[in-house]
Amino acid sequence: MDSFAEQLVKREDTSSDRMKKYLIYGGGIFITIVLVILAVLKMGSPISIIMLLLAGGTGYLTYFLGTSTYVEYEYTFTNGELDIDKIIAKRKRVELLSADVRKFTDFGKYSEDIADSDDLTTVISSDNIASHEYYADFECDKYGKTRLIFAPDEKILEYIKDFLPYNVKRNMK
C-alpha cells in the first residue's frame, strides 16, 4: 500500500519579519508619494512623465517586495521520501530538500538543548511555533550533514515513524 500525504505550513512572522514589512511598505509608499508630488510640481515638462513612471515602478516594487515576505512550506511524503518546498508569496516555488526517511540518523521532538555541531547544516522549514517542531538528522546530497527542523501534522508524523530505521525508532526522544 502506498503512503502519501501533503501538508502546507504557513510561516508565522517574527518581529524582524514584521519590521522588514513596515520598512518596505513605509519606505515604498513614502518614495512613491514624493515622486508623484514632484511630478505634479513639474507638470508640463517631460520630467513629470518620468517621475510618474518612476512612481508607478516604485509602487509595484513595494508591492512585490512586501508580498515576498509571505512564506509557506509544502511537505510531501511519498513511500518513505520526504520532499520539502518553499513557496514565496504563492508565486514562486523553491525545492529545499528531498530526504529518504529510511536514512535518518536521528529524529524527535525539537528543543534548544539538542546537541549541535559545526559541520551540520540546519534547514528550518517550520511555522516558527516551537511547541510542535520536530527535527531529523540525515545525510543530504545538496547540504551534506543536515538537520531539518519542521512541523509535520499527525498523518505525516505517523508515516515518518513507520519508515524510520529501527535504531532511530528505539532512541527517539
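K.L.:
Which parts of the structure should I look at to understand the pairing of strand 2 (residues 71–78)?
P.N.:
Where a strand is regular, its side chains alternate between the two sheet faces. Within strand 2, 7 of the 8 residues are buried, which leaves the element mostly enclosed by the surrounding structure. In terms of strand pairing, strand 1 (residues 4–10) meets strand 2 through 7 bridges, oriented antiparallel. When the sheet's bridge partners are listed, phenylalanine 4 is paired in strand 2 with threonine 78. Relative to strand 3 (residues 81–88), strand 2 runs antiparallel, the two being bridged by 8 bridges. The residue of strand 3 that forms the bridge with tyrosine 73 is lysine 86.

K.L.:
Is there a simple way to think about the nonpolar core in this case?
P.N.:
Considering soluble globular proteins, one finds that nonpolar side chains tend to be buried as a cluster. One finds Tyr75, Leu82, Phe104, Phe107, Phe150 and Ile160 to be the most contacted residues of the largest nonpolar core, which totals 29 residues. Put simply, the parts of the chain that give this core at least two residues each are strand 1, strand 2, strand 3, strand 4 (92–100), strand 7 (134–140), strand 8 (144–150) and helix 3 (154–163). Considering each element in turn, this core owes the most residues, 5 residues, to helix 3. Every residue in contact with phenylalanine 104, bar those within four places of it in the chain, is listed here: Ala99, Ala136, Asp137, Phe138, Ile160, Leu164, Pro165 and Val168.

The rules behind these values
Note on numbering: residues in each chain are counted from 1, in written sequence order. Given that the model is predicted, a residue must reach a pLDDT of at least 70 before its local features are reported, and side-chain atom pairs must reach 80 or more before they are shown or counted; all residues, however, enter totals for whole chains, interfaces and linings. Only hydrogens and water are set aside when side-chain values are computed; all heavy atoms of the structure are taken into account. Accessible area is worked out with a 1.4 Å probe on protein chains only. A residue is then buried under 20% of its type maximum, exposed over 50%, and partly exposed in between. In DSSP terms, a helix is any run of H or I states spanning at least four residues, a strand is any run of E spanning at least two, and both are numbered starting from the N terminus. Think of it this way: DSSP has to see at least two bridges between two strands before they count as a pair. Nonpolar cores were defined as sets of buried Ala, Val, Leu, Ile, Met, Phe, Trp, Tyr and Cys residues, with membership established by side-chain atoms within 4.5 Å. Residue contacts are counted whenever heavy atoms from the two residues lie within 4.5 Å of one another.

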